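In case you want the letters, here they are:
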Amino acid sequence: MVNFLSPKLSTSNLSYKDLFFNPTSNKIRSRPVRVQRVITLQACRQIPTPGTGLTILSRHIRMCLFDGKKVLSNIIALRAQCTDKEQRTWTFQSKLTDALSSLDFSDFFIRCSGSEANVGILFELCISYKRQKTDEESEFSCGWVHLPVFNEDGTPIANKSFDLMVNGGTPYEKGVEVDPTISRRATSNPLKSLMSKNKQPRLVFKVAVPTKEQKDLLDTLPEVLIGNMANLTHLSFYRQILADVLLRDKIELNSTELIHSPFLTSFPAVTEQPDLMDAVRVTWNEKVRISKKADKLYSWKSASPHRDNEYMKDQFRQVFLETAYPLDRSASLPPFKIGNDESVQKRQTEITAFLQTNKEKNTVLVSLLSSECSYEPFDMSELAFDVQGQYCLTK
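Residues numbered from 1 in each chain as written. Predicted model: local features only at pLDDT ≥ 70, side-chain atom pairs only at ≥ 80, totals over all residues. Heavy atoms only, no water.

*Asks:* Could you give an account of the overall build of the chain, naming the residues involved and the relevant values?
*Replies:* For the chain, the count of helices and strands is 11 helices and 14 strands. A compact globule built from 395 residues should have a C-alpha radius of gyration of about 21 Å, and the chain, at 23 Å, falls within 12% of that. Dimensions along the principal axes, computed over C-alpha positions, put the chain at roughly 75 × 55 × 45 Å. Of all 395 residues assigned to the chain, the portion counted as buried reaches 46%. In the chain, the proportion of contacts linking residues at least 24 apart, taken out of those at least 6 apart, comes to 71%. Across the chain, the centroid of the 51 positively charged side chains sits 6 Å from that of the 46 negatively charged ones. (Helix = DSSP H or I, 4+ residues; strand = E, 2+ residues; numbered from the N terminus. Rg over C-alpha atoms; globule rule 2.2 N^0.38 Å. Buried < 20%, exposed > 50% of the residue type's maximum accessible area, 1.4 Å probe, protein only. Contact = heavy atoms within 4.5 Å. Lys, Arg positive; Asp, Glu negative; His and termini not counted. Charge placed at Lys NZ, Arg CZ, Asp CG, Glu CD.)

Here you go:
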C-alpha cells in the first residue's frame, strides 16, 4: 500500500504523473480509470479442513490485481468466520460498525487502468495455524480464484454475483484440484455429476458499480489500487491533503526540499495495520458526530462548502496525529501479523487503553507524557516527507 499511495514523479522528475490539482475547484483533480468496482465477499463453501494436530488461528482471503504473470497492485487481506459444525463454510460480515474490525468487513474496492484482457482479481484462500506439539506457527493456501475484470468484448464487468470454483496449486498452474479425493471426471449419470461438482470448493461474491458518493472518493485515488471499503474516506483524505501540500501550497513546485509533515510520512505505513486504521476510523466517526461543521459539510444548504472541506481535512489530519501516529511509534506495540492471536490481542489491549485515556482526558498529551507509555527513539525521517523518496521515483 505504501508504494501505491505515494505520488509518482514523471519521467523527467519535474512533475507528478498521478497527482494533479484543479485550481478552479480548489480540489484534487479526479482520476477516472477503465474499471473500478466494489466487491462483496459472501461465502466460501466446501473448503477442506486441515489435518489433526493443527490449531486454526485465522481464516482469511488475500486479494490483488493479477494478469496471469505478475502482481499489478498492492495486496490486502480480509478475515473470514467459520460457524458451521463441519468447519467447511467461511462467512463474512457485511455490516460495518465501529465495533467491527475493518479486517472482518466484507467489502473492498479495485481500481485498474490497464487494458489487457487477462487482468483480473486474484483471490487466495489462506489458513494460519499452530502445530499443537511444537507451537510452530505458519500459513498455507487453500486454493485460489481469478476473475477477469473485462468481458470478452473488452467491456468492464458489471453488477453480477459470482459462484466460482476454487483452484488448487498455484495461479501459474491450471486444472489442479484443491481436494483430489473429489473426482470431477465425466459420468453418464447427470445427478452424480452434479453432486460431485457441488462438492468442489467454491467462492461466492458480488461485484457492483460504485455509487455516486463512492465514485467521487475513488476518483481521488491512484489509478491502480485495491483497498478496504471501510478505509475509503480516509484514503481519499490522504490524497487530497497530499495534493494540497505538494501542488497547491508549495511555493516552489520544482523544489526537492524535505517537507515537514508527520501525517504524509506516516499514513501510508499505517494503512497496512488494520487495527490502527480502526482506531482512526472510530475516533473520526466520533469527531464527525459531534462536529457542527461536519453536519454542514453533508448538508445541501451548506453556505461555504470550500471552508467546510478545508476544516474537515484539517480535522482528519489532527485525528490521525492524535491516534495512529503515536501508536505507530509505540515501543511496546508488537508488529501486526494476521493470525497471531497473542500479538493481535496485545495490540488491541494497548490501542483500546490509549483511546480510552484520550477520550476521558480529552487530550492526547496525557498518554504522550505518561511514564507508563514508551516510544521509539525520535528519527527525523518520521517528520520529513521526501518528494524524491524510494516510492516516488519512477522505475
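Here the narrative resumes, following the displayed structure.
*Asks:* Go over the side chain of Asn-74 with me, naming the residues and quoting the values.
*Replies:* Positionally, Asn-74 belongs in the loop between β4 (54–66) and β5 (76–80). On the basis of relative accessible area, Asn-74 is assigned to the buried category, the value being 4%. Only 2.7 Å separates the side chain of Asn-74 from the backbone oxygen of Ile-226, close enough to count as a polar contact. (Polar contact = N/O pair within 3.5 Å; in protein donor to acceptor, adjacent residues only side chain to side chain.)

*Asks:* Quick one: what's the story with the environment of Leu-78, residue by residue and with numbers?
*Replies:* Examined against the element boundaries, Leu-78 turns out to sit in strand β5. Sequence spacing of Leu-78 and Phe-105 is 27 residues, and the spatial spacing of their C-alpha atoms is 6.9 Å. When neighbours within four sequence positions are excluded, Leu-78 is seen to be in contact with Leu-41, His-60, Ile-61, Met-63, Ser-102, Leu-103, Phe-105, Ser-106, Phe-108 and Asn-228.

*Asks:* Lay out the side chain of Asp-18 in plain terms, naming residues and giving numbers.
*Replies:* Counting through the fold element by element, Asp-18 comes out in the loop between α1 (2–5) and β1 (21–22). Arg-239 is the oppositely charged side chain nearest to the buried, salt-bridge-free Asp-18, at an N-O distance of 4.1 Å. At 2.9 Å, the side chain of Asp-18 forms a polar contact with the backbone nitrogen of Lys-8. With residues up to four places along the chain from it excluded, the contact list for Asp-18 reads Ser-6, Pro-7, Lys-8, Arg-31 and Arg-239. (Salt bridge = Lys/Arg side-chain N within 4 Å of Asp/Glu carboxyl O.)

*Asks:* Which residues make up the packing of helix α4 (residues 232–248) against helix α5 (residues 262–270), and what are the values?
*Replies:* Where α4 meets α5, the closest approach of the two axes is 11 Å, and the angle between their N-to-C directions is 145°. Relative to α5, α4 is oriented so that their crossing is left-handed. Facing His-234, Leu-235, Tyr-238, Ile-241, Leu-242 and Val-245 of α4, the residues of α5 in contact are Phe-263, Leu-264, Phe-267 and Pro-268. The class makeup of the residues in the contact of α4 with α5 is nine nonpolar, one polar and no charged. (Axes fitted to C-alpha atoms, helices over the stretch in contact; angles between N-to-C directions. Left-handed = near helix turned anticlockwise from the far one by under 90°. Nonpolar A, V, L, I, M, F, W, Y, C, P; charged D, E, K, R; others polar.)

*Asks:* Which residues make up α4, and what values go with them?
*Replies:* Here α4 contains 17 residues, and its C-alpha end-to-end distance of 23 Å stays within 8% of the 24 Å for a straight helix at 1.5 Å per residue. Summarising burial for α4: 13 of the 17 residues are buried, a large majority. (Expected span 1.5 Å × (residues − 1).)

*Asks:* Any details on the sheet that holds β4? Residues and values, ideally.
*Replies:* If you walk across this open sheet you meet the four strands as β5-β4-β8-β9, and the pairing is antiparallel. Of all strands in the sheet, those with a lone pairing partner are β5 and β9 (137–148), marking the two edges. For this sheet, the mean inter-axis angle between neighbouring strands, taken without regard to orientation, is 25°. Where β4 lies against β5, five bridges are found, and the strand directions are antiparallel. Each bridged residue has a counterpart across the sheet, and for Arg-62 the counterpart in β5 is Ala-77. (Pairing = 2+ DSSP bridges.)

*Asks:* Account for the confidence of the model for the chain, with residues named and values stated.
*Replies:* For the chain, per-residue confidence averages 87 on the pLDDT scale, and 91% of positions sit at 70 or higher. Note on residues 299–304: pLDDT is under 50 here. Beyond four places in sequence and across chains, it has two contacts. (pLDDT = per-residue confidence, 0-100.)

*Asks:* Could you give an account of unusual backbone geometry, naming the residues involved and the relevant values?
*Replies:* Located in the positive-phi region is Gln-87, a residue other than glycine, with phi close to 60°. We note that Asp-135 has phi near 65°; this positive angle belongs to a residue other than glycine. Note that Asp-135 resides in the loop between β8 (120–131) and β9.

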